[in-house]
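Secondary and tertiary structure notes
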Amino acid sequence: MVTKIVKAYGDHEKDEELMKLAKEIICSGGLVGMPTETVYGLAGDALNPESSKKIYAAKGRPSDNPLIVHIADIEALDKIVEEVPETARRLAEKFWPGPLTMVMHKSEKVPYETTGGLETVAVRMPVNEIARDFIRSTSGYIAAPSANKSGRPSCTTAEHVYEDLNGEIPLIIDGGAVGIGIESTIIDLTSETPCLLRPGYVNLEMLESVLGHVDVDPSIGGVISASAHPKAPGMKYKHYAPKGELYIVEGPEKRVIERINSLAAEHEAAGERTAVIATEETKDYYKCRVIRSVGKRSDEISIAHNLFAVLREMDELNVSTIYTEAFDTPAMGMAIMNRLIRAAGHKIIKTED
Ligand code: AMP
Ligand code: MG
């Protein structure tokens, strides 16, 4: 199959032809790469079990890992959930459209193929205009997991989608680089106390400002093993990992720089290609040959935005060992570190004063 990348303008009239093509593909059970404000999604008709099966096959994703259903308008919600909880209405008012996914009890309209066999469905309304135009031009219900191959870093550009899915899907809608760069926050609204399942741009404080106390799934940021049972099934899988061995070095900035420099020097002396992931504030202090800045600590969105692209770049650079600083920034630190810890397979080196 030939994979076409077509540029979208984010303007309903200019994108008319493209949306017609996308609709034809989706309505006949095919898949399309779709930009959103978080990461690129691999889109299929959420109400068609055959489309969902194709998504799992294209991603190489385990079939117990449910897909997020994307809608463009709040009115669409009623049809796919048993009942809209009051907590969902309050969150939607504040954060939709936007990078927040809510888990609710599903209605019979949603096939088990889409929910990975669960009685619940995860729903999000993206803010990205191209995504919303696309969703509206189809059945209005788009299942879209991140468009990466299972286990790889998520895609933040159309080119990343092409890298992973060339020859497997007919169309990628190119909406340019995404804004946020990290997947949506997921909150479970089916338990008595709402529970954060995956951290994202909408952080715990923002959620608690609307809901009061929110529980945090113990698997977040902590040790997740295949035998653990995080409530978001996807959180138990190894994810985002570059091919080289990635280590996070934590502690006071000065100590982290010293430790990374000495570790990298050992590897380079042994003839191994080694890389350092640093920030604008620290990059000049490293002596390693390959140094990449992921963004500015003073602008945490820049770190979220670049994280997956830098992890992908590590594969192109063919490095066998990678040392990264930790990015425990105030608002998005939990979300960024959740991805980084999984990318590193929990390999963390702690330094102290
Ligand atoms: P991705 O589509 O790659 O962003 O991954 C979707 C994430 O949402 C995975 O971690 C899933 O396990 C999680 N998810 C989707 N549906 C549900 C659900 N009904 N309950 C809990 N987690 C869900
Ligand atoms: Mg994913």
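This is a predicted model, so every value here is computed, not measured. (Residues numbered from 1 in each chain as written. Chains lettered and ligands numbered in written order. Predicted model: local features only at pLDDT ≥ 70, side-chain atom pairs only at ≥ 80, totals over all residues. Heavy atoms only, no water.)

A few words on the sheet that holds strand β12 (residues 245-250). Strands pair in a sheet through their backbones, by hydrogen bonds, and they do so in one of two ways: parallel or antiparallel. Reading across from one edge, β14-β13-β15-β12-β16 is the order of the 5 strands in this open sheet, with parallel pairing throughout. At either margin of the open sheet sits one strand with a lone partner, and together these are β14 (290-293) and β16 (348-350). The mean angle between the axes of side-by-side strands here comes to 25°, regardless of whether they run parallel or antiparallel. As defined by bridge partners, strand β13 (residues 274-278) adjoins strand β15 (residues 321-325) across 4 bridges and the pair is classed as parallel. Pairing of threonine 274 across the sheet is with threonine 321, part of β15. Running over the sheet, helix α11 (residues 333-343) touches β12, β15 and β16 and is turned about 135° from β12. (Pairing = 2+ DSSP bridges. Helix = DSSP H or I, 4+ residues; strand = E, 2+ residues; numbered from the N terminus. Axes fitted to C-alpha atoms, helices over the stretch in contact; angles between N-to-C directions. Contact = heavy atoms within 4.5 Å.)

Attention now moves to the nonpolar core. Residues Ile71, Leu91, Trp96, Leu100, Met102, Val123 and Ile187 are the most contacted members of the largest nonpolar core, which totals 46 residues. At the level of elements, α2 (49-59), α3 (77-80), α4 (86-95), β5 (100-105), β6 (120-124), α7 (158-165) and α8 (204-211) are the ones that each hand at least two residues to this core. Here the element with the most residues in this core is α4; it accounts for 4 residues. When near neighbours in sequence (up to four residues on either side) are disregarded, leucine 100 contacts Leu91, Phe95, Val123, Arg124, Ser184, Thr185, Ile187, Val202 and Leu207. Grouped together as the second largest cluster of nonpolar side chains are 30 residues, Tyr240, Leu246, Ala275 and Ile341 included. (Core = buried A, V, L, I, M, F, W, Y, C linked by side-chain atoms within 4.5 Å. Buried < 20%, exposed > 50% of the residue type's maximum accessible area, 1.4 Å probe, protein only.)

Attention now goes to the packing of aromatic side chains. Using the criterion set out here, one finds 2 aromatic pairs in the structure. Judged by centre distance (5.0 Å) and plane angle (25°), the rings of tyrosine 240 and phenylalanine 308 are stacked. Taken together, the residues span a long stretch of sequence, with tyrosine 240 in the loop between β11 (215-216) and β12 and phenylalanine 308 in helix α10 (residues 300-316) at a distance of 68 residues. Judged by relative accessible area, which is 0%, phenylalanine 308 ranks as buried. (Phe/Tyr/Trp six-rings, centres within 6.5 Å; stacked < 30°, edge-to-face > 60°.)

As summarised here, the arrangement of the 11 strands in space is β1-β8-β2-β3-β7-β4-β6-β5-β9-β10-β11, forming an open sheet in which the pairing is mixed. Each end of this open sheet is capped by a strand with a single partner; those strands are β1 (4-7) and β11. The sheet contact formed by strand β4 (residues 68-70) and β6 spans 3 bridges and is parallel. In the strand pairing of β6, valine 69 is matched with valine 123.

Turning our eyes to something else, we now look at α7. Taken as a whole, α7 has its buried residues at Ala158, His160, Val161, Asp164 and Leu165. Buried residues in α7, looked at end-on, bunch into an arc of 155°, giving them a common side. Where α7 is buried, its residues meet β1, β3 (41-45), α2, β8 (171-174) and α10. One or two steps after α7, the chain reaches glycine 167, where phi turns positive at roughly 90°. (Arc of directions from axis to C-beta.)

In this section: the pattern of salt bridges. This structure, assessed with the given rule, holds 19 salt bridges. Measuring nitrogen to oxygen at the nearest pair gives 3.5 Å for the salt bridge that ties glutamate 17 to lysine 20. Note that glutamate 17 and lysine 20 are positioned in helix α1 (residues 16-27) at a spacing of 3 residues, about one turn of the helix. Glutamate 50 is the salt-bridge partner of lysine 53, the closest N and O atoms lying 3.4 Å from each other. With lysine 53 and glutamate 50 both in helix α2 and 3 residues apart, this pair spans about one turn of that helix. Through salt bridges with shared partners, a single ionic network connects Arg152, Glu163, Asp164, Arg312 and Asp315. (Salt bridge = Lys/Arg side-chain N within 4 Å of Asp/Glu carboxyl O.)

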